[in-house]
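In case you want the letters, here they are:
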4 protein chains.
Amino acid sequence: MGKKIDIVRTASHLFVTQGFDGTTTAQIAREANVTEPLIFYHFKGKDDLFSYILKTGSDKFFAGLEAHKKDTETEFEKIKNYINFNLRYVGKNPDESFLVISACPAKFADPDHICQKIIKRHKQIIESYLRDCIKEGIKKGEFLNVPIKETVRLISLIVVGLMRQRSFQKKSTAGLNKTTIEFCRRSLLKNP
Amino acid sequence: MGKKIDIVRTASHLFVTQGFDGTTTAQIAREANVTEPLIFYHFKGKDDLFSYILKTGSDKFFAGLEAHKKDTETEFEKIKNYINFNLRYVGKNPDESFLVISACPAKFADPDHICQKIIKRHKQIIESYLRDCIKEGIKKGEFLNVPIKETVRLISLIVVGLMRQRSFQKKSTAGLNKTTIEFCRRSLLKNP
Amino acid sequence: MGKKIDIVRTASHLFVTQGFDGTTTAQIAREANVTEPLIFYHFKGKDDLFSYILKTGSDKFFAGLEAHKKDTETEFEKIKNYINFNLRYVGKNPDESFLVISACPAKFADPDHICQKIIKRHKQIIESYLRDCIKEGIKKGEFLNVPIKETVRLISLIVVGLMRQRSFQKKSTAGLNKTTIEFCRRSLLKNP
Amino acid sequence: MGKKIDIVRTASHLFVTQGFDGTTTAQIAREANVTEPLIFYHFKGKDDLFSYILKTGSDKFFAGLEAHKKDTETEFEKIKNYINFNLRYVGKNPDESFLVISACPAKFADPDHICQKIIKRHKQIIESYLRDCIKEGIKKGEFLNVPIKETVRLISLIVVGLMRQRSFQKKSTAGLNKTTIEFCRRSLLKNP
DNA sequence: GATGAATGAGTGTTCATTCAT
DNA sequence: TATGAATGAACACTCATTCAT
């Protein structure tokens, strides 16, 4: 009964560790203890399986993020919260997380492809979240007068880098996590 | 005559844009205007071609870095120099750079594989370069008393993220570049 | 309730337009608005479904032919009647007709296979019908002294060709029909 | 060296006896004593192999027909010549002939598909040949005043039927051949 | 009578690689 | 150096069919 889930979980893990092209449907079937045709019974094909993982992964992430949002006194608390959420989330869901932040297979490069749409939406939501924090923090006088767009991209890039280390290279990021937050605090706050 | 170079250049580009597994020797041959067996005349196989690119790419990078090293008054100048060098280098050699910093195909996961060795050496050299700067900066009183290992990893991660954007997503990083340096300056220096 | 009939009708049509091997049980199920296992509930398998169609098609054809036989003054009237019946029949039952006259899938080539038996019987009945007409016509002095066996084969071949055009290529054969009868009349009759 | 020809010949024969869908590339390879990938080295795919056979078969047929055309005293001699040529040709090239006259796989139904174009051209050339004979015969007073279009279709249909018997059912058509010509003679000529 | 889930045995096709020249 | 022909092993995917319900 849970065979569809087995397929999804096994595929997610293999796509992360071996890449989409480096993973065969035969291997997914073998490691999920199902027969190969069952993959094609539940999904239109390997591509569709990948898209499905991406979509459900992205949805789950935002559901978690939404539930995690809290009102905080300072804007920096929000950014800190966001970084912490990301790292805790990726710790619990290393595979799905990685696929969304990592580049998807080149063959899905068409911007109209569902994968590109999911990834784009993912980035937009995250960037708009950070942008609001920084804008507000500057307005309130909490933050230095940093260039907004670039700072958003930089923090995004840092968070993605941390997630990548955590999910792909399986390095613990415990100490790194704290260092990063302090690094950002000193760079953003007027009075760190 | 220059056919070996054509193969290497074409392969580098395709490996970056499509991944190792997503690139076929047939495609490399076609786009390099050579026949497929010629690839196997010059290289032992597709794996060997990849390793060759990685090795020469890494060597070239360090040759450039070595030539670029200057004695500067402050340690932060050195870090700034390093960031700038990376971004200028990746602008000129987007393909080779990317392959070294990006994860290599899962099938080369064996730590004894030459690719893993190249990548490991690459990381070590970069990290030791940054570590020296930070250690020295702290000793001199130029930098705050930041945790060394984590800060090195964080800056590495930022630089890799910038290179990734530049080489893979082809985004210009002009503004981002400057913002990043200021971001680091405020975080590292006692008197920014 | 009428689902078995839906399967048979849909399958007949698809077998004619796409061939036996070119038609999948999945497609039959889809276009008949049933689920695939239902086909296997009603028939032993795809082969059995085909045989069933062939058998009922052939039976229906002969029932119609029997009902259509009339006593006519001349033997040529009988042949004309036969040609007309065939074409009218194929107009109303294009699919079943075609399957009987067209060659059946090569995998049923074994002469002991039920399909071969049906097709053989079909040909025999038709040829014996025509043979009787021609024999009698020659004896009566109505027809020229044509070689019987070959003339039967020729007329069979013409009728099958007409049916094929009608059922498969969906060409109207209205004018062709009349021309054919006149063609035969001139060739067969002593005094056309 | 002759392996490409082996593939073509084996495939032609199998397509005729088993149909396009009933023939697997594995079987073609096995019976042609080549490996399967070689088929795909010489042809883009199974479809392309089929189209190639159709095209070369049709071209060869017309080359033969052209070489066979003779000036004859009567128009009926031309038609007789044509029928004889067809049957002699199909005797020597049973496979290619059959594929051109037989319906091609339903999946190539698109009128823009090269197979449809070949088949259409084939029909047109044959019909125009016959049309010219009949038109001229009527004008000369050699033939009865038969309806041209329908008579062309009828004779085409007869010839195709004969070829089909010869090539597919492997029946000898020696006697049938002569009977057919006499049949047509009586039907067409004013003074048979 | 009817179905969702599942599968063994293929299907056309592609791959990196080799060989004879 | 360079290539046209060839291949073993694998690839994503489909097929007719079955089974539990």
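Residues numbered from 1 in each chain as written. Chains lettered and ligands numbered in written order. Predicted model: local features only at pLDDT ≥ 70, side-chain atom pairs only at ≥ 80, totals over all residues. Heavy atoms only, no water.

## Regarding the protein's contact with DNA strand E
Let me state the cut-off plainly: One heavy atom within 4 Å of a molecule or strand makes the whole residue count as near it. Contacts described as polar in this section are N or O atom pairs within 3.5 Å, which, within protein, must combine one atom able to donate a hydrogen with one able to accept it, while residues neighboring in sequence count only if both atoms come from side chains.
Neighbouring DNA strand E are 29 residues; T35(A), K46(B), T35(C), Y41(C) and K46(D) lie closest to it. Restricting the count to atoms of DNA strand E within 4 Å of the protein gives a sugar and phosphate share of 62%. Residue Y41(A) places a side-chain N or O atom 3.0 Å away from a phosphate oxygen belonging to DNA strand E. The contact in question runs from a phosphate oxygen of DNA strand E to an N or O atom on the backbone of T25(B), over 2.9 Å.

## As for the side chain of T180(A)
Just so we agree on the cut-off: Think of it this way: any DSSP run of H or I at least four residues long counts as a helix, any run of E at least two long counts as a strand, and we number them from the N terminus. Using a 1.4 Å probe on the protein chains alone, a residue whose accessible area is under 20% of its type maximum counts as buried, one over 50% counts as exposed, and one in between counts as partly exposed. Contacts are residue-level and defined by heavy atoms, with any inter-residue pair within 4.5 Å sufficient.
With respect to the helices, strands and loops of the structure, T180(A) is situated in helix α9 (residues 174-188). Judged by its relative accessible area of 1%, T180(A) is buried. Side-chain polar atoms of T180(A) contact the backbone oxygen of L176(A), separated by 2.7 Å. With residues up to four places along the chain from it excluded, the contact list for T180(A) reads I158(A), L162(A) and L154(B).

## What to know about the side chain of S58(B)
Structurally, S58(B) is set in helix α4 (residues 46-68). Contacts of S58(B), omitting those with residues within four sequence positions, involve V100(B), I118(B), R121(B) and H122(B).

## Describing the interface of chain B and chain A
Defined as follows: The quantity reported as buried area is the accessible area (1.4 Å probe) lost by two parts once they are put together, taken as the sum for both. Definition used for salt bridges: Asp or Glu carboxyl oxygen within 4 Å of a side-chain nitrogen of Lys or Arg. Only Asp, Glu, Lys and Arg are considered charged in this grouping, and only Ala, Val, Leu, Ile, Met, Phe, Trp, Tyr, Cys and Pro are considered nonpolar; every other residue, Gly among them, is considered polar.
In this complex, chain B contributes 34 residues to the contact, which on the side of chain A involves 34 residues. Across the chain B/chain A interface, buried area totals approximately 2800 Å², and carbon plus sulfur atoms make up 66% of it. Looking at the side of chain B facing chain A, the largest losses of area belong to R153(B), L157(B) and F183(B), adding up to 24% of the total buried there. At the boundary of chain B with chain A, the tally comes to zero salt bridges. In this assembly, chain B and chain A are joined by seven residue pairs in polar contact (both at pLDDT 80 or more). Counting residues per element, the ones that place at least two in the side of chain B that touches chain A are α1 (3-18), α8 (148-167) and α9 (174-188) of chain B. It is α8(B) that contributes the most residues to the side of chain B that touches chain A, 10 residues altogether. Considered class by class, the residues forming the side of chain B that touches chain A number 14 nonpolar, 13 polar and seven charged.

## Description of the relation of the copies chain B and chain A
In this structure, two copies of a chain are linked by a rotation about an axis accompanied by a shift along it. This is how it is decided: Copies overlap after least-squares fitting; the atoms used are the C-alpha atoms of residues with pLDDT of at least 70 in both.
Note on the identical chains: chain B maps onto chain A by a rotation of 180° and an axial translation of 0.0 Å, with an RMSD of 0.1 Å. When the rotation and shift are considered jointly, the pair of chain copies conforms to a two-fold rotation axis. Of the interface residues in chain B, 100% have counterparts in chain A that sit at the interface too, so the contact is made through matching surfaces.

## As for the domain arrangement of chain A
Residue and element names in this part refer to chain A. Operational definition: All the domain ranges listed were derived from an automatic or database domain assignment.
Split by domain assignment, chain A resolves into domain 1 (1-42) and domain 2 (54-188). Computed from C-alpha atoms alone, the centre-to-centre distance between domain 1 and domain 2 is 28 Å. The interface of domain 1 with domain 2 comprises seven residues on the first partner and eight residues on the second. Carbon and sulfur atoms make up 71% of the area that domain 1 and domain 2 hide from each other, which totals about 690 Å². In this structure, the connection of domain 1 to domain 2 is made through zero salt bridges. Where domain 1 touches domain 2, the interface holds one residue pair in polar contact (both at pLDDT 80 or more).

## Regarding the relation of the copies chain C and chain D
Least-squares fitting of chain C to chain D yields an RMSD of 0.1 Å, with the superposition described by an axial translation of 0.1 Å and a rotation of 180°. The share of interface residues of chain C whose copies in chain D are also at the interface is 100%, consistent with both copies meeting through the same surface.

## Topic: the pattern of salt bridges
Side chains carrying opposite charge are able to pair once their charged atoms draw close together. Applying the stated rule across the entire model yields 33 salt bridges over all chains. Between K107(C) and D47(C) there is a salt bridge, with its nearest N and O atoms 3.2 Å apart. One end of the pair, K107(C), is in the loop between α6 (94-101) and α7 (114-140); the other, D47(C), is in helix α4 (residues 46-68), and 60 residues separate them in sequence. Its relative accessible area of 52% is what places K107(C) among the exposed residues. It is possible to trace a salt-bridge network through shared partners that takes in K55(A), D59(A) and R121(A).

## As for α4(C)
Counted only if it meets this: Helix span is expected to be 1.5 Å times the residue number reduced by one.
With 23 residues, α4(C) extends 33 Å from end C-alpha to end C-alpha; this agrees with the ideal 33 Å at 1.5 Å per step. In this structure, the buried side of α4(C) is in contact with α1 (3-18), α2 (25-31), α3 (36-42), α5 (75-92), α6 and α7 of chain C.

## Focus on the environment of Q124(A)
Mapped onto the secondary structure, Q124(A) falls in helix α7 (residues 114-140). The sequence separation of Q124(A) and T180(A) amounts to 56 residues, and the corresponding C-alpha distance is 22 Å.

## Some points on the nonpolar core
Definition in use: What we call a nonpolar core is a set of buried Ala, Val, Leu, Ile, Met, Phe, Trp, Tyr and Cys residues that are connected through their side-chain atoms within 4.5 Å.
Core analysis: the biggest nonpolar cluster contains 67 residues, and L188(A) and L188(B) have the highest contact counts within it. Not counting residues up to four positions away in its chain, the partners in contact with L188(A) are F76(A), I79(A), E142(A), F143(A), L144(A), V146(A), T151(A), I155(A) and F183(B). The next biggest cluster of nonpolar side chains, apart from the first, holds 66 residues, and it includes L130(C), F143(C), I83(D) and F85(D).

## Comments concerning the interface of chain C and chain D
Contact residues are listed per partner, giving 34 residues for chain C and 34 residues for chain D. Together chain C and chain D conceal approximately 2800 Å² of surface at their shared face, both sides included; 66% is due to carbon and sulfur atoms. For the chain C face of the interface with chain D, the top three residues by lost area are R153(C), L157(C) and F183(C), together amounting to 24%. At the surface where chain C touches chain D, the tally comes to zero salt bridges. One can count seven residue pairs in polar contact (both at pLDDT 80 or more) joining chain C with chain D. Those elements that place two or more of their residues in the side of chain C that touches chain D are α1, α8 (148-167) and α9 (174-188) of chain C. Element by element, the count of residues in the side of chain C that touches chain D is highest for α8(C), at 10 residues. For the side of chain C that touches chain D, a count of residues per class yields 14 nonpolar, 13 polar and seven charged.

## Thoughts on the protein's contact with DNA strand F
As a structural note, the neighbourhood of DNA strand F is formed by 30 residues, with T24(A), K46(A), T35(B), K46(C) and T35(D) the closest of them. At the protein interface, 64% of the atoms of DNA strand F within 4 Å belong to sugar or phosphate. Between a phosphate oxygen of DNA strand F and a main-chain N or O atom of K46(A), the distance comes to 2.8 Å. Residue H42(D) places a side-chain N or O atom 3.1 Å away from a phosphate oxygen belonging to DNA strand F. Where the surface near DNA strand F is concerned, the elements lending two or more residues are α3 (36-42) of chain A, α3 (36-42) of chain B, α3 of chain C together with α3 (36-42) of chain D. Its residues assigned to classes, the surface near DNA strand F comprises 12 nonpolar, 12 polar and six charged.

## Some remarks on the arrangement of the chains
Spatially, chain B is disjoint from chain C: no contact exists, and the shortest C-alpha separation is 33 Å. With no contact between them, chain B and chain D keep their nearest C-alpha atoms 12 Å apart.

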